[in-house]
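Examining the three-dimensional arrangement
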Amino acid sequence: MWSVVSSGGLPDRERFDWFADLISREVMPTALTSERPAEFGADLALLDLGGLQVSKVAYSPLRSRRTPALIRRGDPEQYQLGLVTGGSMLLDQNGAGCEAEAGDLVFWDTSRPSDARYVSDGDGGTGQLVILQLPRDALPLPADRLDGLLAHRVPGRSGTGAVLADFLRSLVTHGGACTPEELARLGAAAVDLAAACLARSADAEDLLPAEARSRELLRRVRLFIEYNLGDPKLTPAVVAARHNLSVRSLHQLFKGGGETVQARIRRRRLERCRDDLADPALLAHPVQAIAARRGFSGPAVFSRAFREAYGISPTEYRALTARAGGAQAP
């Protein structure tokens, strides 16, 4: 589902002009300059999320300026939220400026003049950026609060910023295999996460709709569970305490999903163990070691749970997948 274009098949002297024209047509009119246009290279991929779009770009160092004249020529009227995945980005807009490095998020408005510089990693590599392109009316936050975040670095290594950054990375990795219907649902999730991340940065979480706050909290809880499956002491009480919730409130949060908190922990542990058992690289690891690594309290408990879930013992499953050349059984 990704639409991918690359400068790789063009003569060196044509690559920069091709990319400048492409960005102006597919993203927004902007004035691009490069100190070394003859050595320039870039790749661009676009993924439609049903009403919004995510782009991933890899590029040689360049500068991008949006002037009032270019805004009048064409404006998608979007907020754009970029995740820097390689190199760094320097942005000036609305009287503010920031430098975002790999792992950081940065926020800008296509309807305002801006000056952005994209820098490679210093080792001859390309800069890399994942951009979530949001219609201006998609974010349920007041414009004055969002204006205060323009050209500000949003940390992407902790809290809601980390949840959003992980979501965007996963979308880049797996989004191409999703159906249009699934992508539309992921687009709605992207809006919720972006709004929650920006609201936290603007100290405006109380302005988010209650449903959006609940959905974002549920995603944070699920991510916490995912990262802590290996802890045998992971229980609903621990999950609730980590998120300043009562156990009752945590269960209410999961109520509409058709799965309890404990059931999710158990299912994801089993799925992780199943993947490990089918991995040829882990054949030397005893079954009980794999079970312990994923948080099961003992081999008997794991074996019983695995058989209940998949109708076969862990040892039999491993043997079956090994005979199939390491391919996972259905």
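So, here is what we can say about the structure in this document. Bear in mind that the values here come from a model prediction, so they are computed numbers and not experimental data. Sequence order as written defines the numbering, with residues in each chain counted from 1. In keeping with the model being predicted, local features are shown solely for residues with a pLDDT of at least 70 and side-chain atom pairs are shown and tallied solely at 80 or more, while totals for entire chains, interfaces and linings include all residues. In computing side-chain values, all of the structure's heavy atoms are included and hydrogens and water are not.

1. Regarding the nonpolar core
Put simply, a nonpolar core is a bunch of buried Ala, Val, Leu, Ile, Met, Phe, Trp, Tyr and Cys residues held in one set by side-chain atoms that sit within 4.5 Å of each other. The buried label goes to any residue with under 20% of its type's maximum accessible area, the exposed label to any with over 50%, and the partly exposed label to all in between, with areas taken from a 1.4 Å probe on protein chains only. Counting residues in each nonpolar core, the largest one holds 38 residues, and the members touching the most others are F107, L132 and L139. For helices the rule is a DSSP run of H or I covering at least 4 residues; for strands it is a run of E covering at least 2, with both sets numbered from the N terminus onward. Considering each element in turn, this core owes the most residues, 10 residues, to helix 5 (residues 180–201). Every residue pair with non-hydrogen atoms within 4.5 Å of one another is taken to be in contact. Each residue touching L139, except ones within four places of it in the same chain, is listed here: Y79, F107, L134, L146, V191, A194, A195 and L198.

2. Section: the pattern of salt bridges
Only one rule defines a salt bridge in this text: a Lys or Arg side-chain nitrogen within 4 Å of an Asp or Glu carboxyl oxygen. Under the defined criterion, the tally for this structure stands at 22 salt bridges. A salt bridge links D12 to R15, with the shortest nitrogen-to-oxygen separation between them at 3.5 Å. Of this pair, D12 and R15 both sit in helix 1 (residues 12–26), separated by 3 residues, roughly a single helical turn. Using a relative accessible area of 43% as the deciding quantity, one classes D12 as partly exposed. As a salt-bridge pair, D276 and R294 come within 2.9 Å of each other at their nearest N and O atoms. A residue pair is termed long-range when its members are at least 10 positions apart, and D276 in helix 9 (residues 261–277) and R294 in the loop between helix 10 (287–293) and helix 11 (299–310) qualify at 18 residues. As far as the burial class goes, D276 and R294 line up, both buried. Residues joined in a network through salt bridges with shared partners are E226, E259, R264, R267, R268, E271 and R272.

3. Describing empty space enclosed by the protein
Grid points spaced at 1 Å and placed over the protein atoms alone form the basis of the search, with a cavity being a set where a 1.4 Å probe fits but cannot get out and a pocket an open set showing protein on both sides within 12 Å along at least five of seven lines. Lining residues have an atom within 4 Å of a point. Grid points are joined across faces, edges and corners, and a volume is the space filled by probe spheres set on the points. According to the stated counting rule, one finds 1 cavity of 30 Å³ or more in the structure shown. Size it by volume and the largest cavity reaches roughly 280 Å³. Lining the largest cavity are 22 residues, and of these I23, M28, S64, Y118 and I131 sit closest to its centre. Breaking the lining of the largest cavity down by element, the ones donating at least two residues are helix 1, strand 4 (53–59), strand 5 (62–66), strand 7 (88–93), strand 10 (114–119) and strand 11 (127–135). In the scheme used here, Gly and all other residues not listed as nonpolar or charged are polar, with Ala, Val, Leu, Ile, Met, Phe, Trp, Tyr, Cys and Pro taken as nonpolar and Asp, Glu, Lys and Arg as charged. A per-class count over the lining of the largest cavity returns 16 nonpolar, 5 polar and 1 charged.

4. Here we look at the layout of surface pockets
Taken as a whole, the largest pocket holds about 760 Å³ of empty space. Along the wall of the largest pocket there are 19 residues; nearest its centre are F167, S170, L186, R219 and R264. Secondary structure elements with two or more residues in the lining of the largest pocket: helix 4 (159–174), helix 5, helix 6 (210–227) and helix 9. Split into classes, the residues belonging to the lining of the largest pocket amount to 8 nonpolar, 3 polar and 8 charged. As a volume, the second largest pocket reaches approximately 460 Å³. Looking at the second largest pocket, it is lined by 21 residues, and the ones nearest its centre are G159, T160, V163, R220 and R242.

5. Things to note about helix 8 (residues 247–254)
If you check which residues of helix 8 are buried, you get L250, L253 and F254. Seen from one end, helix 8 has its buried residues packed into an arc of 95°, which puts them on one side. Check the buried side of helix 8 and you find it contacts helix 6, helix 7 (236–242) and helix 9. Summarising the geometry, the arc corresponds to the directions from the helix axis toward the C-beta atoms.

6. A few points about the pairing of strand 3 (residues 42–48)
Of all 7 residues making up strand 3, 5 are buried, and the element is well covered by its neighbours. Pairing between two strands is assigned when DSSP locates at least 2 bridges connecting them. Direction of pairing for strand 1 (residues 3–6) relative to strand 3: antiparallel, over a ladder of 4 bridges. Across the sheet, the residue bridging to V5 is L44, located in strand 3. Pairing of strand 3 with strand 4, which is carried by 7 bridges, proceeds in the antiparallel orientation. The partner of D43 across the bridge, within strand 4, is A58. In this structure, the hairpin formed by strand 3 and strand 4 is closed by a connection of 4 residues, where G50 is found at a positive phi of approximately 75°.

7. Topic: the packing of helix 6 against helix 9
Taken N-terminus to C-terminus, the directions of helix 6 and helix 9 make an angle of 45°; their axes are 10 Å apart at the nearest point. The orientation of helix 6 relative to helix 9 falls into the category oblique. You can see that helix 6 and helix 9 cross each other, and the crossing is right-handed. Along the contact surface, helix 6 presents R222, I225 and E226, while helix 9 presents V261, R264, I265, R268 and R272. Tallied by class, the residues present in the contact of helix 6 with helix 9 amount to 3 nonpolar, no polar and 5 charged. Orientation is described by axes fitted as lines to C-alpha atoms, over the contacting stretch for helices, and by angles from 0 to 180 degrees between their N-to-C directions. Note that the term roughly parallel is reserved for angles under 35 degrees, roughly antiparallel for angles over 145, roughly perpendicular for angles of 65 to 115, and oblique for everything else. Less than a right angle of anticlockwise turn of the near helix away from the far helix marks a crossing as left-handed, whereas a clockwise turn marks it as right-handed.

Worth remembering: the numbers are spatial, not functional.
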